[in-house]
Amino acid sequence: MNAEVRVETATFASGVSAESWRDAVRAAGLDLVNAAAVGPAYIDEMVQLIENSGPYCVVAPHVAVPHSNAGSLVRQSGMAVVVLDEPVTFGHPYNDPVRVVIAIAAKTAKQHITMLAALANALDRQGAVDELIAASGKDAALRALRARVGTA
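Residues numbered from 1 in each chain as written. Predicted model: local features only at pLDDT ≥ 70, side-chain atom pairs only at ≥ 80, totals over all residues. Heavy atoms only, no water.

Asker: It is not clear to me how the sheet that holds strand S2 (residues 58-60) should be interpreted in this structure. Could you clarify?
Answerer: Sheet architecture is open: five strands sit in the order S1-S4-S5-S3-S2, paired in mixed fashion. Edge positions in the sheet fall to strand S1 (11-16) and S2, since each of these pairs with one other strand and no more. Taken together, the two bridges between strand S3 (residues 63-64) and strand S5 (residues 98-105) define a ladder with parallel strand orientation. Within S5, the position partnered with Val-63 by the bridge is Val-100. Packing against the sheet, helix H1 (residues 21-34) makes contact with S1, strand S4 (78-88) and S5, and its axis sits at approximately 150° to S4. (Pairing = 2+ DSSP bridges. Helix = DSSP H or I, 4+ residues; strand = E, 2+ residues; numbered from the N terminus. Contact = heavy atoms within 4.5 Å. Axes fitted to C-alpha atoms, helices over the stretch in contact; angles between N-to-C directions.)

And the structure:
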């Protein structure tokens, strides 16, 4: 993405079980917490934002990019890629159901916009979502994102 947020630092988990969109967001958020990118309250903020604003984070067919505002709950910018074993519904009129959840956290508003734009470009590439779903590990998943996002 840029020198401040490297794709290589993203976490990856596949075969994640989620009963609902909330569980899916929490799973990705927990990966951000475990990577020391955010504090636990960031997860609640992501869920609350979707509850208040609707499924704004469902940005492409089968893909959600939950996030909250840059702020004190973000310790370092990060990204967590989670592939669900079964898709969940967020309530988006066109892009449901969601199978790939990419939670992001940014230290600054500028990083936040940069991360969202880079992910949008990566996900726009033909076959990128299918590659993420089929990824057998972190390297394959990040290769799918790197093909368009690039590395610093």
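Asker: It is not clear to me how the packing of H1 against helix H2 (residues 41-53) should be interpreted in this structure. Could you clarify?
Answerer: In a pair of packed helices, the angle between the axes and the distance between the axes together describe the arrangement. In the contact formed by H1 and H2, the axes pass within 9 Å of each other and the chain directions differ by 150°. Classified by the angle their axes make, H1 and H2 are roughly antiparallel. As for how H1 packs across H2, the hand of that crossing is right-handed. Contact with H1, carried on its side by Trp-21, Arg-22, Val-25, Arg-26, Gly-29, Leu-30, Leu-32 and Val-33, involves Tyr-42, Ile-43, Asp-44, Met-46, Val-47, Ile-50 and Glu-51 of H2 and no other residues of that element. When its residues are assigned to classes, the contact of H1 with H2 shows ten nonpolar, one polar and four charged. (Parallel < 35°, antiparallel > 145°, perpendicular 65-115°, else oblique. Left-handed = near helix turned anticlockwise from the far one by under 90°. Nonpolar A, V, L, I, M, F, W, Y, C, P; charged D, E, K, R; others polar.)

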